[in-house]
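Residue-level structure breakdown
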Amino acid sequence: MIFHRILIMCIFPLIFIPFLLTGSEFNWNKHQGTRIKLLLNKHPYSDAILYHLHEFITKTGIKVSFDVLHEEEYFQKATQELSSGSSKYSVFMTGAYQTWQYASKGYIENLRYYMEDERKTNPHWDKNDFFENILSALSWNLKLNDPLGSPGSPQWALPIGFETNTLVYRKDIFDKHGLSPPKDLPELLELCAKLKELEPDMYPIAVRGTRSWATIHPGFLSAYTAYGAKDYDPFPHPAMNSPQAVEMTTLWMEMVKKYAPEDWQKYSWYECSMALGNGRVAMMYDADISGYYQNQFGASVAAGKLAWAPGPGAPGAKPMSNMWIWALSMNSHSKTKDAAWHFIQWATGKELLLKGVQGRFSTVDPVRKSIWAHPEFKIKLNDYTNYYKTFQKIIPNCKVYFTPQPLFFETTIKWTETLHEIYRGKDTKLALDQLVEKLTKIMKQAGYH
């Protein structure tokens, strides 16, 4: 009997310990045969994912289907599906601003739970390789006036690519006339005046102008923040009529009226990019990658002639860039969450994201530090004058500078409408005072005081 007890005591650990180790190890095949469906925006980032999707299916045995829509239709579809409580799509693309709306209504899953579970997350995934300011922009505790990325905040999405906002300009034209990129907004207006005289067949600059939140978020908010202006101070108190905001907005709208295309109010990111590429404008203050794709060989008449510089802001201020992020979120109503998490970590992993910058889709900007440090990626940017240098200069101050809040879209469109009023001739200070009155009323009606 004693011998039997000793034998059991010796054998039991040999059986049980491997069981514990196996149970705690990450297994790519754990959800083999599970079906998930993706909702994706048509973009080079999603193109790269789909091009390599067979690798994920082979690796995991998870069966993946997807729908891909163009941007405007995409956001409408995503909001419709999530608000209905549908479990049709397990994973979908989103941006930081959308997560404020989705998370506050319980539409999306907190991914931090998955990230911190060693059984669910590949040990080589490496959270610390992401730029911290990008991860923070997708993390919020839903407490108004608490900053993005507060310790312990839920992680509502994980990034697959992002955009800084910079000045992209025609280097050949600048070299021809001995011009240099401007250091601040007043210098930008002076440069625009020179270009209007020197190159009368071109508009000096393109910036966004459509009736959309997207008009505020690129160049405008980057320069606005550099002036020390805030959108709310604090929330729910709008601050678009502060002295700093009035000064910056006055300069910006003077630039738009005098030097941007006459159909400015129709300009989205697409029109800005195309105007730069086809030679309609000499400069663009917008997403760095919009210029990147125009600069590729054979892509446009401006290909090979573009250069990058930090977006001009306030005199003496550090370069500021508001950030746009394309990310992946998980539907809180999904019935296949663990399989969805397998997909998200694969799609945000080092291996796939490196393939994205190496492959046929030439995706930029990488969200992982290791890829920016990769020799092959540095060589790839040699033909994009000062792209890498500009990125390194602005990344420390590249963030989401909007105040996180659930009424973001409604209130930011009101802000754009005010810029349109100024464009049509209304006094800047008066228009901004009226904007603050409108937004204050909206906040009170929504129950914020």
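Everything quoted here is computed from the prediction, not taken from an experiment. (Residues numbered from 1 in each chain as written. Predicted model: local features only at pLDDT ≥ 70, side-chain atom pairs only at ≥ 80, totals over all residues. Heavy atoms only, no water.)

**As for the overall build of the protein**
Applicable threshold: Secondary structure counts use DSSP, requiring at least four H or I residues in a row for a helix and at least two E residues in a row for a strand, with both numbered from the N terminus. Atoms counted for the radius of gyration: C-alpha only. Globule rule: 2.2 Å times residue count to the power 0.38. Burial classes follow relative accessibility: with a 1.4 Å probe on protein chains only, a residue under 20% of its type's maximum area counts as buried, one over 50% as exposed, and anything between as partly exposed. A 1.4 Å probe and the Shrake-Rupley method give the accessible areas. Residues count as covered only by the protein chains that appear here.
When you go through the protein residue by residue, the secondary structure sums to 21 helices and eleven strands. Relative to the globule expectation of 22 Å for 449 residues, the C-alpha radius of gyration of the protein, 25 Å, shows essentially globular dimensions. A buried classification covers 55% of the 449 residues belonging to the protein. Accessible area for the protein stands at about 19,800 Å²; split by element, carbon and sulfur atoms hold 54% of it.

**Points about the state of the cysteines**
Every disulfide links exactly two cysteines, by a covalent bond between their sulfur atoms. Test applied: Pairs of cysteine sulfur atoms within 2.5 Å are identified as disulfides in what follows.
One pass over the full model with this rule turns up zero disulfides. Take Cys-398: it sits in no disulfide, and the sulfur closest to it among the cysteines is that of Cys-272, at 18 Å. The exposure class assigned to Cys-398 is buried, which follows from its relative accessible area of 0%.

**Some thoughts on the pattern of salt bridges**
The condition is simple: The salt bridge criterion pairs a side-chain nitrogen of Lys or Arg with a carboxyl oxygen of Asp or Glu, the two atoms within 4 Å.
If you walk through the whole model with that rule in mind, you get 22 salt bridges. Taking the shortest distance from any N to any O, the salt bridge between Lys-176 and Glu-199 comes out at 3.3 Å. Note that Lys-176 is positioned in helix α8 (residues 171-177) and Glu-199 in the loop between α9 (185-198) and β6 (203-206), a separation of 23 residues in sequence. Put simply, Glu-55, Glu-351 and Lys-355 are held in one network by salt bridges that share partners.

**Let's talk about the confidence of the model for the protein**
Let me state the cut-off plainly: The pLDDT score gives, residue by residue, the confidence of the prediction method on a 0 to 100 scale. Residue contacts follow a heavy-atom distance rule, with two residues in contact if any of their heavy atoms lie within 4.5 Å.
Of the residues in the protein, 94% have a pLDDT of 70 or more, and the chain-wide mean is 94. With pLDDT under 50 throughout, residues 1-23 is counted as low confidence; its partners more than four residues away or in other chains account for three contacts.

**Points about the sheet that holds strand β8 (residues 306-310)**
Definition in use: Two strands qualify as a pair provided DSSP detects at least 2 bridges between them. Axis definition: a line fit to C-alpha positions, over the contact stretch in the case of helices; interaxial angles, taken between N-to-C directions, run 0 to 180 degrees.
Taken in spatial order, the four strands make up an open sheet running β6-β7-β5-β8, and their pairing is mixed. Two strands in the sheet have a free side with no partner beyond their single neighbour: β6 and β8. This sheet shows a mean twist of 20° between the axes of neighbouring strands, independent of strand direction. Relative to strand β7 (residues 281-287), strand β5 (residues 165-170) is paired through five bridges, and the arrangement is antiparallel. Of the residues in β7, the one forming a bridge with Tyr-169 is Met-283.

**Thoughts on helix α15 (residues 337-347)**
By the criterion of burial, α15 is predominantly enclosed, with nine of the eleven residues buried. Of all the residues in α15, the buried ones are Ala-339, Ala-340, Trp-341, His-342, Phe-343, Ile-344, Gln-345, Trp-346 and Ala-347.

**Some remarks on the nonpolar core**
Grouped burial of nonpolar side chains is what soluble globular proteins tend to show. To keep things clear, this is the line we draw: In this text, buried Ala, Val, Leu, Ile, Met, Phe, Trp, Tyr and Cys residues form a nonpolar core when linked through side-chain atoms within 4.5 Å.
Core analysis: the biggest nonpolar cluster contains 144 residues, and Tyr-97, Ile-205, Trp-252, Met-283 and Phe-343 have the highest contact counts within it. Setting aside residues up to four positions removed in sequence, Trp-252 forms contacts with Leu-185, Val-207, Gly-219, Phe-220, Ala-223 and Tyr-285.

**A look at unusual backbone geometry**
With an omega of 15°, the peptide bond between Phe-235 and Pro-236 qualifies as cis. Here Pro-236 shows up in the loop between α11 (219-226) and α12 (243-259). The step from Val-364 to Asp-365 runs through a cis peptide bond, and the omega angle for that step is -5°. Looking at where Asp-365 falls in the secondary structure, it is placed in the loop between α16 (350-358) and α17 (369-372).

**Here we look at the environment of Pro-181**
Relative to the elements of secondary structure, Pro-181 occurs in the loop between α8 and α9. Separated by 81 residues in the primary sequence, Pro-181 and Glu-262 have C-alpha atoms spaced 23 Å apart. Beyond its immediate sequence surroundings of up to four residues, Pro-181 is in contact with Tyr-169, Phe-174 and Ala-309.

**Observations regarding the environment of Gly-349**
Mapped onto the secondary structure, Gly-349 falls in the loop between α15 and α16. A relative accessible area of 9% places Gly-349 in the buried class. Each C-alpha atom of the pair Gly-349 and Asn-295 lies 27 Å from the other, and the pair is 54 residues apart in sequence. With near-sequence residues (within four places) excluded, Gly-349 lies in contact with Trp-125 and Arg-368.

**What to know about the packing of helix α13 (residues 269-277) against helix α14 (residues 288-295)**
The line we're drawing: When an angle is under 35 degrees it counts as roughly parallel; over 145 it counts as roughly antiparallel; between 65 and 115 it counts as roughly perpendicular; any other value is oblique. Here is the rule for handedness: rotate from the far helix to the near one, and if that takes an anticlockwise turn smaller than a right angle the crossing is left-handed, while a clockwise turn gives right-handed. For this classification, the nonpolar set comprises Ala, Val, Leu, Ile, Met, Phe, Trp, Tyr, Cys and Pro, the charged set comprises Asp, Glu, Lys and Arg, and every other residue, Gly included, is treated as polar.
At a closest axis distance of 9 Å, the pairing of α13 and α14 adopts a crossing angle of 40°. Relative to α14, α13 is oriented oblique. Where α13 crosses over α14, the two elements pack in a sense that is right-handed. For the pair α13 and α14, the contacting residues are Trp-269, Ser-273, Met-274, Leu-276 and Gly-277 in the first and Ser-290, Gly-291 and Gln-294 in the second. Here the residues of the contact of α13 with α14 are counted per class, giving three nonpolar, five polar and no charged.

**With respect to the pairing of β5**
Burial within β5 is extensive, with six of its six residues counted as buried. Side chains of β5 alternate between two faces, with Asn-165, Leu-167 and Tyr-169 and Thr-166, Val-168 and Arg-170 buried alike. Relative to β8, β5 runs antiparallel, the two being bridged by five bridges. Pairing of Tyr-169 across the sheet is with Ala-307, part of β8.

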